[in-house]
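In case you want the letters, here they are:
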Amino acid sequence: MSYRLTPRVQPRSSPATFSKAFSVYRGEPPRLVVAMAAEDITRLTILSLSMSTTVSPLSVSMEIPAYGATAAKSPLEPLKIERRKPGPHDVEIEILYCGICHSDVHKVNDDWGGTHFPVVPGHEIVGRVASRGTSATRFREGELVGVGCLVDSCRVCPECRAGREMFCEKGVTFTFDSFDQNTKMWTYGGYSTNIVVDERYVLRVPKGLDTARAAPLMCAGITTYSPLHQFECKPGDQVAVVGLGGLGHMAVKLAVSMGADVTVLSTSRDKEKDASRLGAKHFFATKEPGALEALQGRFSLIMDTVSAPHDLNKQLTLLRSFGTMVLVGLPPSGAQLDAFTLVHGNRRIAGSNIGGVAETQEMLDYCGKNGIVAEVEVINADQINDAYKRMERGDVRYRFVIDAASLRA
Ligand code: NAP
Ligand code: ZN
Ligand code: ZN
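A. Quick peek at the overall build of the protein. Within the protein, the regular secondary structure consists of 13 helices and 20 strands. Residue burial in the protein is summarised as follows: out of 409 residues, 47% are buried. Nonlocal contacts in the protein, meaning residues at least 24 apart in sequence, comprise 69% of its contacts between residues at least 6 apart.

So this is what it looks like as structure tokens:
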């Protein structure tokens, strides 16, 4: 990877293209990299919008191919982005694979509001260390590593000290679509060829795990492992997983590995055979009338991984007394809760947000020991938009993973 000084603005595209790009960035931080239509890429490699005299805090950077969206709900397209040159504590990672999480889809659709465009999603990254800063000692060149949902935090607040960097009191820096306080730039994720990350936030991928199939562990793995631990999943527990997608199938595999008796609640019967292959003992199709009646009061833990709005009250009735329904799915709009259903049986409802760095490493080591990886469909970058459409209709088995080699081609 070669480094270059960030150029001053010299747009080489047509005025129309330039004004389109400029309108995307107006009002944003002073120096940004360009997003262009696919056909512009060969003509225009990079456009630094340092229109003012502001000097970037990082005057040395590298330019790499990526895939991202320039506006809400617009298709993803090839882009060029800049990465900082590794600082003393950084490692530069050559990305091999990156999973597609439904949070990427929500972000591109601006389902949750506040997405900053252009956005380059991706937070299930596996790759090899390509270079490291002078004081980076945790990893060797060539080592297989991972990057999950977060890449920086203050490190000293009580949450960071407790290993819950995602709740950093000064504000965590997520892997993509997050304003990085140090670089003063927006972060770009793993739909790209390389990433530069402080080694404190880099994860070790255990030997023996398939590389592409390990990538989804960085988000889907930790997001489902963490609540299973928080709610003390143990052998013989009746655990239900709602929604058999990327998170859902990892929840099944992990809960089964912990000895739980797992039930899958899926919208239709389409995934019944797969659920059994993943280790679930029971399967119910939630859209079939009366399907859930036999399950009233059965579960000590229900993990809801659904990405779209749905009825939570019906699911709550399936909890035994003092049982917990933990929400990990993040539908764009909320659901009404019926107090009577919660109060009767002292039922509990909880949420769980990814996991910190140490817990993510613990999950990876656990998966290494138990041979747990995701079920994946490896795709090239030009198939990302189709993958998004399929995920929006629940047609995912069970994680799309982008082969980063297709971005280098
Ligand atoms: P995914 O692979 O697309 O799976 C979502 C599953 O939800 C689908 O496969 C489908 O399962 C079910 N579903 C979809 N629409 C539904 C509907 N209208 N009614 C009922 N069920 C429906 O998504 P994912 O990557 O697993 O992510 C799931 C959610 O978790 C997303 O909202 C994502 O943003 C969120 N998430 C949260 C965290 C966190 O830290 N809490 C981390 C990562 C992701 P069936 O086909 O089985 O019905
Ligand atoms: Zn995710
Ligand atoms: Zn902190």
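B. Seen up close, the nonpolar core. Core analysis: the largest hydrophobic core is formed by 107 residues, its most contacted members being V147, V241 and A255. Taken domain by domain, this core gets at least three of its residues from each of domain 1 (4-218 + 357-408) and domain 2 (221-351). Apart from the residues within four sequence positions on either side, V147 is in contact with I93, I125, T175, G190, I195, V197, Y201, V202, L203 and M218.

C. Structural view of the pairing of strand β16 (residues 299-304). Within β16, 6 of the 6 residues are buried, which leaves it mostly tucked inside the rest of the structure. As defined by bridge partners, strand β13 (residues 238-242) adjoins β16 across 4 bridges and the pair is classed as parallel. In the strand pairing of β16, V239 is matched with L301.

D. The site of ligand 1, seen in detail. As a structural note, the neighbourhood of ligand 1 is formed by 30 residues, with H102, G243, G245, S266 and A308 the closest of them. Those elements that provide at least two residues to the shell around ligand 1 are α3 (102-108) and α7 (246-257). Residues belonging to the shell around ligand 1 are distributed by class as follows: 12 nonpolar, 17 polar and 1 charged. Among the domains, domain 1 (4-218 + 357-408) and domain 2 (221-351) are the pair contributing at least three residues each to the shell around ligand 1.

E. Spatial organisation of the sheet that holds strand β15 (residues 282-285). Reading across the sheet, the 6 strands line up as β15-β14-β13-β16-β17-β18 and stay open at both edges, with parallel pairing between neighbours. Each end of this open sheet is capped by a strand with a single partner; those strands are β15 and β18 (348-351). On average, each strand axis in the sheet is inclined to that of its neighbour by 20 degrees, with strand direction left out of account. Across 4 bridges, the pairing between strand β17 (residues 319-327) and β18 is parallel. Looking at the pairing, L327 lines up with G351 of β18. Lying on the sheet, α7 is in contact with β13, β14 (261-266) and β16; it crosses β13 at an angle near 165 degrees.

F. Spatial organisation of the packing of helix α6 (residues 220-230) against α7. As a packed pair, α6 and α7 sit with axes 8 Å apart at the nearest point and diverge in direction by 50 degrees. On the basis of their axis angle, the class for α6 and α7 is oblique. Judged by the sense of rotation from one axis to the other, the crossing of α6 with α7 is right-handed. Residues A220, G221, T223, T224, Y225 and L228 of α6 lie in contact with α7, whose contacting residues are G246, L247, M250, A251, L254 and A255.

About the criteria used
Residues numbered from 1 in each chain as written. Chains lettered and ligands numbered in written order. Predicted model: local features only at pLDDT ≥ 70, side-chain atom pairs only at ≥ 80, totals over all residues. Helix = DSSP H or I, 4+ residues; strand = E, 2+ residues; numbered from the N terminus. Buried ≥ 20, exposed ≤ 12 C-beta atoms within 10 Å, placed from the backbone. Contact = placed C-beta atoms within 7 Å. Core = buried A, V, L, I, M, F, W, Y, C linked by C-beta atoms within 7 Å. Domains from an automatic or database assignment. Pairing = 2+ DSSP bridges. Near = placed C-beta within 6 Å. Nonpolar A, V, L, I, M, F, W, Y, C, P; charged D, E, K, R; others polar. Axes fitted to C-alpha atoms, helices over the stretch in contact; angles between N-to-C directions. Parallel < 35°, antiparallel > 145°, perpendicular 65-115°, else oblique. Left-handed = near helix turned anticlockwise from the far one by under 90°.

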